[in-house]
Amino acid sequence: MIYLCDTCILIDYLRGKPDVQKRLMADRQKGLGMSSVTYMELMVGALNKREIGIIKKAFSDFELIEISEPISKKARNLIEKFSKSHGLQIPDALIAATALELGLPLSTANLKDFQYIPDLQLV
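Residues numbered from 1 in each chain as written. Predicted model: local features only at pLDDT ≥ 70, side-chain atom pairs only at ≥ 80, totals over all residues. Heavy atoms only, no water.

Undergrad: Hey, could you go over the overall build of the chain for me, with residue numbers and the actual values?
TA: The helix and strand inventory of the chain stands at six helices and four strands. Since a compact globule built from 123 residues should have a radius of gyration of about 14 Å, the 14 Å found for the chain is in line with a globular shape. Along the longest, intermediate and shortest principal axes, the C-alpha atoms of the chain span 40 × 30 × 25 Å. The buried share among the 123 residues of the chain stands at 43%. Surface exposure of the chain reaches about 7,100 Å², of which carbon and sulfur atoms provide 54%. Here the chain carries 16 positive and 15 negative side-chain charges, and the mean point of each set is 4 Å from the other. (Helix = DSSP H or I, 4+ residues; strand = E, 2+ residues; numbered from the N terminus. Rg over C-alpha atoms; globule rule 2.2 N^0.38 Å. Buried < 20%, exposed > 50% of the residue type's maximum accessible area, 1.4 Å probe, protein only. Areas by Shrake-Rupley, 256 points an atom, 1.4 Å probe, with all protein chains shown as cover. Lys, Arg positive; Asp, Glu negative; His and termini not counted. Charge placed at Lys NZ, Arg CZ, Asp CG, Glu CD.)

What follows is the structure, encoded as structure tokens:
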């Protein structure tokens, strides 16, 4: 896996943004991943079962990373450090912690949500 995708990137892909689609299509062969939190956010955002099917099919080749105890502990530490000062929310803390735990860059369009987290590489 070369990087972890944030929810916003996958939504942009589904919405047909050409630059995102081109990059993800090129990088898929190298392996892409998403946190189980990202998967759940996509499912919650789906309007109906048809959209759930579209999402599942579109990202069926992505590696799905479950929340482990080390990821949970990293996310808890991030929440303690940044929830009040930067407004870090639980889903973003878990996604960032997943990238940190795996030593992977996080692909996101929402740089402001993550740019203050030390050692988190953003693409």
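Read on, since the account is not over.
Undergrad: Could you give me a rundown of helix 1 (residues 7–14), with the residues and numbers involved?
TA: Here helix 1 lies mainly inside the structure; six of its eight residues are buried. Buried within helix 1 are the following residues: T7, C8, I9, L10, D12 and Y13. One or two steps after helix 1, the chain reaches G16, where phi turns positive at roughly 85°.

Undergrad: So what's going on with the state of the cysteines? Which residues, and what values?
TA: In a disulfide, the sulfur atoms of two cysteines are covalently bonded to one another. Enumeration according to the criterion identifies zero disulfides in this entry. You can see C5 has no disulfide; the closest cysteine sulfur is in C8, sitting 9.3 Å from it. Looking at C5, the relative accessible area reads 0%, which means it is buried. (Disulfide = S-S within 2.5 Å.)

Undergrad: Outline the pairing of strand 2 (residues 32–35), listing residues and values.
TA: Burial along strand 2 is two-sided: the residues L32 and M34 and G33 and S35 are all buried. Two elements, strand 1 (residues 3–5) and strand 2, share two bridges in a ladder whose sense is parallel. Bridge assignment links L4 to a residue of strand 2, and that residue is G33. Note that strand 2 and strand 3 (residues 63–65) share three bridges and pair parallel. Within strand 3, the residue paired with S35 across the bridge is I65. (Pairing = 2+ DSSP bridges.)

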